[in-house]
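Fold and contact review
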Amino acid sequence: MNTNQQIAENIARIQGEIGGRARLLAATKTIPPETINFALDCGISLIGENRVNELLEKYEYINRNKTEIHFIGALQTNKVKYIIDKVDLIQSVDRESLALEIERQAAKHGIVMPILAEINIGGEESKSGITPEKIYEFCDFLTSLPHLRLKGLMAVPPKCEKSEDNREYFRKMSKIFIDISGKNVDNSIMEVLSLGMSNDYLTAVDCGSNLVRLGSAIFGARVYPAADR
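These lines cover the structure that appears in this document, whether it is placed above or below. The structure presented is a predicted model; accordingly, all values stated were derived computationally and were not measured.

What counts as what
- Residues numbered from 1 in each chain as written.
- Predicted model: local features only at pLDDT ≥ 70, side-chain atom pairs only at ≥ 80, totals over all residues.
- Heavy atoms only, no water.
- Core = buried A, V, L, I, M, F, W, Y, C linked by side-chain atoms within 4.5 Å.
- Buried < 20%, exposed > 50% of the residue type's maximum accessible area, 1.4 Å probe, protein only.
- Helix = DSSP H or I, 4+ residues; strand = E, 2+ residues; numbered from the N terminus.
- Contact = heavy atoms within 4.5 Å.
- 1 Å grid on protein atoms, 1.4 Å probe; cavity = no way out; pocket = protein on both sides within 12 Å on 5 of 7 lines; lining within 4 Å.
- Points joined across faces, edges and corners; volume = space filled by probe spheres on them.
- Nonpolar A, V, L, I, M, F, W, Y, C, P; charged D, E, K, R; others polar.
- Pairing = 2+ DSSP bridges.
- Right-handed = clockwise from strand over helix to strand, strands pointing away.
- Salt bridge = Lys/Arg side-chain N within 4 Å of Asp/Glu carboxyl O.

One broad trend across soluble globular proteins is that nonpolar side chains are buried collectively. Grouped together as the largest cluster of nonpolar side chains are 64 residues, with contacts concentrated most on Ile135, Leu142, Leu153 and Ile218. When residues in this core are grouped by element, the largest group, six residues, is from helix H7 (residues 167-181). Sequence-distant contacts of Ile218, that is, excluding residues within four places in its chain, are made with Asn2, Ile7, Asn10, Ile11, Ile14, Leu24, Ala26 and Ile44. Counting residues in each nonpolar core, the second largest holds nine residues, with Leu25, Leu89, Leu116 and Met154 among its members.

What follows is about the layout of surface pockets. Taken as a whole, the largest pocket holds about 780 Å³ of empty space. Forming the boundary of the largest pocket are 29 residues, of which Lys29, Asn50, Val156, Met197 and Arg222 lie nearest the centre. In terms of residue class, the lining of the largest pocket is made up of 11 nonpolar, 10 polar and eight charged. Estimated volume of the second largest pocket: approximately 160 Å³. In terms of lining, the second largest pocket is formed by Arg23, Leu46, Glu68, His70, Asp88, Leu89, Pro114, Lys151, Glu191, Val192, Asn210 and Leu211. Classifying every residue of the lining of the second largest pocket by side-chain character gives five nonpolar, two polar and five charged.

Another aspect to go through is the pairing of strand S2 (residues 46-49). A two-sided burial pattern is seen for S2, the buried positions comprising Leu46 and Gly48 on one face and Ile47 and Glu49 on the other. Examined bridge by bridge, strand S1 (residues 23-27) and S2 share two bridges and lie parallel to one another. Opposite Ala27, over in S2, you have Gly48 as the bridge partner. The handedness of the S1 to S2 crossover, carried by helix H2 (residues 33-41), is right-handed.

In the structure shown here, the tally under the stated rule is 13 salt bridges. For Glu124, the salt bridge is made with Lys127, and the minimal N-O distance between the two is 3.0 Å. For Glu124, a relative accessible area of 21% corresponds to the partly exposed category. In this structure, Glu191 engages Lys151 in a salt bridge whose closest nitrogen and oxygen atoms are separated by 3.1 Å. One end of the pair, Glu191, is in strand S7 (residues 188-194); the other, Lys151, is in strand S6 (residues 148-155), and 40 residues separate them in sequence.

Okay, here's the thing in structure tokens:
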């Protein structure tokens, strides 16, 4: 992991590169709370966690007055209840059963949970997400649930050797986003297109992404616990 000085320099450089075109989300998987709080002091105002258990372990130690928290990883339906009152948005809504459980838990807490619909833009069997062909029907379903608020779309495209190779996926996502936004569906405010990670965020922004999810570009290579290796 990078030193605090390097983290501060990385954040400043990335913010300069993307300018006002996209919001920067710091993906904080494996990053300790003290480092997260340092990043918040450097101007980060949005973090994303991938794992429910890790989020719960860190939650009380994060300076939550300075940040929004998004859940950006695969989410099991039986774990929704643990994070429903701890995150500001769930980016990875990829199936009806998950949406229904978020609806149930949000109703129980008397809140409306902002969500993004996740698209499997590359059609990869190893990845979750709705197929591009079914996303319009899925969005209609999401907007029928009164305790959910559809705010946009997210995707993790296939890994490519060069960031430019992802451009076709990003362009396809941008077109779908514009199409759905143009429908002005009730119970939706289509304002977030979450695309781009540390290896391809500039290409994603060029193609219309307005939220990028960066981990190693900010914090350096992750050091995983022995149990995760």
